[in-house]
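Summary of structural features
Single-letter residue listing:
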Amino acid sequence: MLESELPTPCYLIDQAKLKENLALLKSIRRRSGIKILFAQKAFSSFPFYQMISRYLDGTAAASCYEAELAHLYFHGENHVFQTVYEPQEIETLCAVCDHIVFNSPAQLAKYGAQAKANGCQVGLRINPEFRSQEYDDFDPCAPFSRLGTTLANFSAADRSLISGLHVHALFEQNAGVLEQLVDAVIEKFGAYLPSLSWINLGGGHHITREGYQVDRLEACCKKLQEQYGLTVYIEPGEAIVWQAGYFITSVLDIVDNGMPIAILDSSAVCHVPDVTQLQYRPPLIGAEGANELPYTVRLGGRSCLPEDVFGDYSFDHPLQIGERLVFRDMAINTLTKASMYTGIGMPAVAVRESDGSCRVLRKFSFEDYKNRF
């Protein structure tokens, strides 16, 4: 099937680009001894798990369901962290995971011995109070954060249960910020590191983006490896599928209210929620920012929500009803965050094979919407 023959709206995953990203990560693993986990929250599309597992050490889950999905389809280590665990989840997690990370000394005390008795490596998430984000809402180390144990509370943890620490404080950042994070961890928790066997530096490392300083990443990890004898994990999600996905949509109508407004057959709110939640502006093939080309158009979603807008883009021609638009970098947080809010149907999911041909993996129907309830 040709890309032009795919139904719209449609998520399209570029297998060649995905493999390119994974090959870079595999080279880092081999050269540095760093263990790299796949953070499923960015892209938990399990048909790709077997392929991804050939390049990485395992997965990082943020819920019991993600951990079970990895156990079924991913060959490698299975790590899980949740802010809090429900009693009925622990038995399942002990059966499918080899690393279970707790968020607080109280959760560690409640379930840590059970996890350890079942052969799991037990970790505690720490909060080094290192702030790297401009907005507190997106910073796991901001004041009053519920994520991780601060040094002031660390003494309450039963350290005899812990074999490692987990820290996550980055978001789409370069290795210079990682250096600062590692220094903050050593300053706050360095006295405890010699008694541990591993540390997980979380995600947010934009390794596959052009200009990322891989040598500085490796130097940070080497410091922890050599000074403290630690196995170092990182768990990128976005870096694995960076630029590996597209979102294809079509223009259904064009209205005018002070400017041309194209109504698409998709929804920013439902299908690419980072656009409205995080003000992400996805690149659009053949278009530029507003007023950069002769024809500026607002691209609106088809739901009834006023905020359902992709953004203002400019084109070298007037948009036409029926025209197909292709957004780039649309694998990250799309499939995992997409919803059928207001009854808007889910886009199809397709893959572009290495030879350039396309294949539809899944279509959705009213039954998928109905059965959610």
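Just above sits the structure.
Described in the following lines is the structure provided in the data block.

**Focus on the packing of aromatic side chains**
Scanning all chains against the criterion turns up 14 aromatic pairs. When the ring of phenylalanine 366 is compared with that of tyrosine 369, the centres are 6.4 Å apart and the planes differ by 45°; the resulting orientation is tilted. Remark: tyrosine 369 and phenylalanine 366 occur in helix H12 (residues 366–371); sequence separation between them is 3 residues, near one turn of the helix. The class of tyrosine 369 is partly exposed, set by a relative accessible area of 26%. A network of ring pairs unites the aromatic residues Phe38, Tyr49 and Phe74 as a single cluster.

**Some details on the side chain of asparagine 103**
Looking at the element boundaries, asparagine 103 is found in the loop between strand S5 (99–102) and helix H5 (105–117). A residue is classified by how much of its surface remains accessible, and asparagine 103, at 7% relative accessible area, is buried. Excluding its chain neighbours within four sequence positions, the residues that come into contact with asparagine 103 are Phe81, Gln82, Thr83, Leu124, Arg125, Arg146, Leu147, Gly148 and Thr149.

**Points about the environment of asparagine 257**
You can see asparagine 257 is positioned in the loop between strand S10 (245–256) and strand S11 (260–264). Put simply, asparagine 257 and serine 155 are 102 residues apart on the chain and 61 Å apart in space, counted from C-alpha to C-alpha.

**A few points about helix H1 (residues 15–32)**
The end-to-end C-alpha distance of H1, which contains 18 residues, comes to 26 Å, matching closely the 26 Å that a straight helix rising 1.5 Å per residue would cover. Three or more residues of H1 are buried, namely Gln15, Lys17, Leu18, Asn21, Leu22, Leu25, Ile28 and Ser32. Among the structural elements, strand S1 (10–14), strand S2 (35–39), helix H2 (49–53), helix H8 (214–228), helix H9 (238–241) and strand S16 (348–352) are those in contact with the buried residues of H1.

**Overview of the layout of surface pockets**
Here the second largest pocket defines a volume of roughly 570 Å³. Lining of the second largest pocket is provided by 15 residues; of these, Ser44, Ser45, Phe46, Leu335 and Phe364 occupy positions nearest its centre. Broken down by secondary-structure element, the contributors of at least two residues to the lining of the second largest pocket are helix H3 (64–73) and strand S17 (358–362). Here the element with the most residues in the lining of the second largest pocket is H3; it accounts for 3 residues. Residue composition of the lining of the second largest pocket, grouped by class: 9 nonpolar, 3 polar and 3 charged.

What counts and what doesn't
- Residues numbered from 1 in each chain as written.
- Predicted model: local features only at pLDDT ≥ 70, side-chain atom pairs only at ≥ 80, totals over all residues.
- Heavy atoms only, no water.
- Phe/Tyr/Trp six-rings, centres within 6.5 Å; stacked < 30°, edge-to-face > 60°.
- Helix = DSSP H or I, 4+ residues; strand = E, 2+ residues; numbered from the N terminus.
- Buried < 20%, exposed > 50% of the residue type's maximum accessible area, 1.4 Å probe, protein only.
- Contact = heavy atoms within 4.5 Å.
- Expected span 1.5 Å × (residues − 1).
- 1 Å grid on protein atoms, 1.4 Å probe; cavity = no way out; pocket = protein on both sides within 12 Å on 5 of 7 lines; lining within 4 Å.
- Points joined across faces, edges and corners; volume = space filled by probe spheres on them.
- Nonpolar A, V, L, I, M, F, W, Y, C, P; charged D, E, K, R; others polar.

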